[in-house]
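Notes for the structure review
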Amino acid sequence: MTKSIILLSGGLDSLVSLGLKKEELNISLALTFDYGQKSVAEEIETSKRICEYYNVEHKVIKLDWLKEITMTSLVSSEDVPTGKGLDNLESSAKSVWVPNRNGLFLNIAGSYADSFGYEYILIGANKEEGQTFPDNTQEFIDSINEEFKYSTQIHPQVIAPLINYVKNDIVMLALKHGVPLELTRSCYQSGERHCGVCESCLRLKHALEYNNDTHYIKLLFG
């Protein structure tokens, strides 16, 4: 029987990917990574709740060494960039870059797949973030799949269910398919609620506004 792994941060994209493909691909393991990011406690707790909701095994992988070599604002004492719009995404992307993050995460998942027979690995890469993050593109995913032909014995396939969608479409899909958006945590900051002003929050809020969803805007942003 097919079984799959998902990279789960608890954010919009990984939550929706799980919700859409849980049954079809028998997603039975979720990996959440602790690399010292500011929102790590919230990501772990959110991912735990999502896994309980979908009845998926949850593992947290600690990467202390990645924290030590990440100098950008997602991890360091530098402030996460904020703004009132999405007009300076290239600069914002550089300021939250984590060295080889998705490449590393997928290779760790590849090791689990190779040891325990998982045929698919899901990642929440999408078209919108692919415009500023090159490790969110189909080309990147294709290169990892090519690598796995040589670095694994079972050759798991990396899949990004949202690779052709922007955030507006992702929220639309979530609402259409009943994905529990109340469980998501899409903020770069720590804290009880979404900050509402970091890049990740702005993307989510804009997509909710596009879909005229005042319920989740109020619930997630107050």
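Here the structure is a predicted model, which is why all the values come from computation and not from measurement.

Rules used throughout
Residues numbered from 1 in each chain as written. Predicted model: local features only at pLDDT ≥ 70, side-chain atom pairs only at ≥ 80, totals over all residues. Heavy atoms only, no water. Helix = DSSP H or I, 4+ residues; strand = E, 2+ residues; numbered from the N terminus. Contact = heavy atoms within 4.5 Å. Salt bridge = Lys/Arg side-chain N within 4 Å of Asp/Glu carboxyl O. Buried < 20%, exposed > 50% of the residue type's maximum accessible area, 1.4 Å probe, protein only. Pairing = 2+ DSSP bridges. Axes fitted to C-alpha atoms, helices over the stretch in contact; angles between N-to-C directions.

**Some thoughts on the side chain of T46**
Turning to its location among the elements, T46 is positioned in helix α2 (residues 40-54). When near neighbours in sequence (up to four residues on either side) are disregarded, T46 contacts G10, L183, T184 and R185.

**A closer look at the pattern of salt bridges**
All told, the structure shown has 11 salt bridges when counted by the stated rule. Of the charged contacts in the structure, one is a salt bridge between D34 and K62, with a shortest N-O distance of 3.0 Å. Taken together, the residues D34 in strand β2 (residues 27-34) and K62 in strand β3 (residues 57-62) connect sequence positions 28 residues apart. On the basis of relative accessible area, D34 is assigned to the buried category, the value being 13%. Residue class for K62 comes out exposed when judged on its relative accessible area of 52%. R49 is paired through a salt bridge with E45; the nearest N and O atoms lie 3.7 Å apart. Placement of the pair is R49 and E45 together in helix α2, with a separation of four residues, close to one helical turn. When its relative accessible area of 38% is taken as the criterion, E45 is described as partly exposed. The network of salt bridges with common partners includes D13, E129 and K167.

**A closer look at the sheet that holds β2**
Strand order in the open sheet made by the five strands is β3-β2-β1-β4-β5, with parallel pairing throughout. With partners counted over all chains shown, the strands left at the sheet margins are β3 and β5 (157-159), one partner each. Direction aside, the axes of adjacent strands within the sheet are offset by 25 degrees on average. Here strand β4 (residues 120-122) runs beside β5; their pairing, made up of three bridges, is parallel. Its bridge partner being in β5, Y120 is matched across the sheet by Q157. Of the strands in this sheet, β1 (4-7), β2 and β4 touch helix α1 (residues 12-21), which is tilted by about 160 degrees from β1. Of the strands in this sheet, β4 and β5 are in contact with helix α7 (residues 138-151), which crosses β5 at around 165 degrees.

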